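Notes for the structure review
Now for the letters of each chain:
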Amino acid sequence: MIFRQLFEPVSSTYTYLLGCAETGQAMLIDPVIATLERDLAELARLGLKLVYSVDTHIHADHVTSALELRKRTGSRIAAPAIDRLTCTDTGIQEGIPLRMGDVILNPLHTPGHTAGHFAYHCDDRVFTGDALLIEGCGRTDFQNGDTDTLYRSVTEKLFSLPDDCLVFPGHDYHGRRVSSIAQEKARNPRLGGRTLAEFREIMARLDLPYPIFMDYAVPANRRCGVCPEELPEDLQKYCGHMEKSPQG
Ligand SMILES: [Fe+2]
């Protein structure tokens, strides 16, 4: 499998490029609109044709480039079926693998950060979105998030994967790139060896600020990535490429 871990610095999001050397096909997991051109250039450099964009959930901190990628490359938009987005081409469900040449993505429903959140298990690695971060996890206080549900998703589903399974998170804010199931079981301060009662207390005490881009990002992502026409100046960097090319 051809593999690249790409970073979007405004929202500290990791986008994953997965390619099949046999067929020359590729998919992007959680692509970001601000890095659309970079991602297209990377695909071109590798000589790969994009067939799918795959989102882990409806993001609140960045805009997906799924729709722009479909316009530019003819790729299909794959997203959790449970979210019932009308712009989706392929509705993802647990138990139904997404196949692309020799790349097989096994979707795992991991609600708690959002109700419709999915992680994707692929061979020796799992793309955990915002359910499980390196020594952290996504917040559970909006978008039908639920602390008890996230605890079960991580400790019962993700922690059931093999210990040496690599963990590639949806974000990291400290420059870390990869972990493993064993490492998170041992070192994750919120979820490793914690009881549900401890996790509830930790999450209740986070006292996180309201996400500055959420009111724009969620409606944009419910349309598979349509940037709002009028953004306050300090938020325009989230839709970077649209400034240069308003017509897409
Ligand atoms: Fe998220």
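Conventions we followed
- Residues numbered from 1 in each chain as written.
- Predicted model: local features only at pLDDT ≥ 70, side-chain atom pairs only at ≥ 80, totals over all residues.
- Heavy atoms only, no water.
- Buried < 20%, exposed > 50% of the residue type's maximum accessible area, 1.4 Å probe, protein only.
- Helix = DSSP H or I, 4+ residues; strand = E, 2+ residues; numbered from the N terminus.
- Pairing = 2+ DSSP bridges.
- Right-handed = clockwise from strand over helix to strand, strands pointing away.
- 1 Å grid on protein atoms, 1.4 Å probe; cavity = no way out; pocket = protein on both sides within 12 Å on 5 of 7 lines; lining within 4 Å.
- Points joined across faces, edges and corners; volume = space filled by probe spheres on them.
- Nonpolar A, V, L, I, M, F, W, Y, C, P; charged D, E, K, R; others polar.
- Core = buried A, V, L, I, M, F, W, Y, C linked by side-chain atoms within 4.5 Å.
- Contact = heavy atoms within 4.5 Å.

Bringing the pairing of strand β5 (residues 76-80) into the picture now. The side chains of a regular strand alternate, first on one face of the sheet and then on the other. The buried fraction of β5 is high, at four of five residues. Bridge count between strand β4 (residues 49-54) and β5: three bridges; the pairing is parallel. Bridged to Ser-53 within β5 is Ile-77. The handedness of the β4 to β5 crossover, carried by helix α2 (residues 66-73), is right-handed.

Judged from the seven bridges that link them, strand β1 (residues 2-8) and strand β2 (residues 13-20) form a sheet pairing that is antiparallel. Counted as the bridge partner of Phe-3 is Leu-18 from β2.

With that out of the way, let us pick up empty space enclosed by the protein. Using the criterion set out here, one finds two cavities of 30 Å³ or more in the structure. In this model, the largest cavity occupies a volume close to 90 Å³. Considering the residues around the largest cavity, the lining is formed by 13 residues, among which Asp-55, His-57, Ala-79, Leu-85 and Asn-221 are closest to the centre. Looking at the lining of the largest cavity element by element, the count peaks at three residues for β5. Here the residues of the lining of the largest cavity are counted per class, giving seven nonpolar, four polar and two charged. Space inside the second largest cavity adds up to approximately 30 Å³. Lining the second largest cavity we find Tyr-14, Tyr-16, Ile-29, Asp-30, Thr-56, Phe-127, Gly-129, Phe-168, Pro-169 and Gly-170.

This part is about the nonpolar core. Grouped burial of nonpolar side chains is what soluble globular proteins tend to show. In this structure, Leu-18, Met-27, Val-54, Leu-105 and Phe-127 are the most contacted members of the largest nonpolar core, which totals 21 residues. At four residues, β2 tops the list of elements feeding residues into this core. Discounting chain neighbours no more than four positions away, the residues touching Met-27 are Tyr-16, Leu-17, Leu-18, Leu-50, Tyr-52, Val-54, Leu-98, Met-100, Val-103 and Leu-105.

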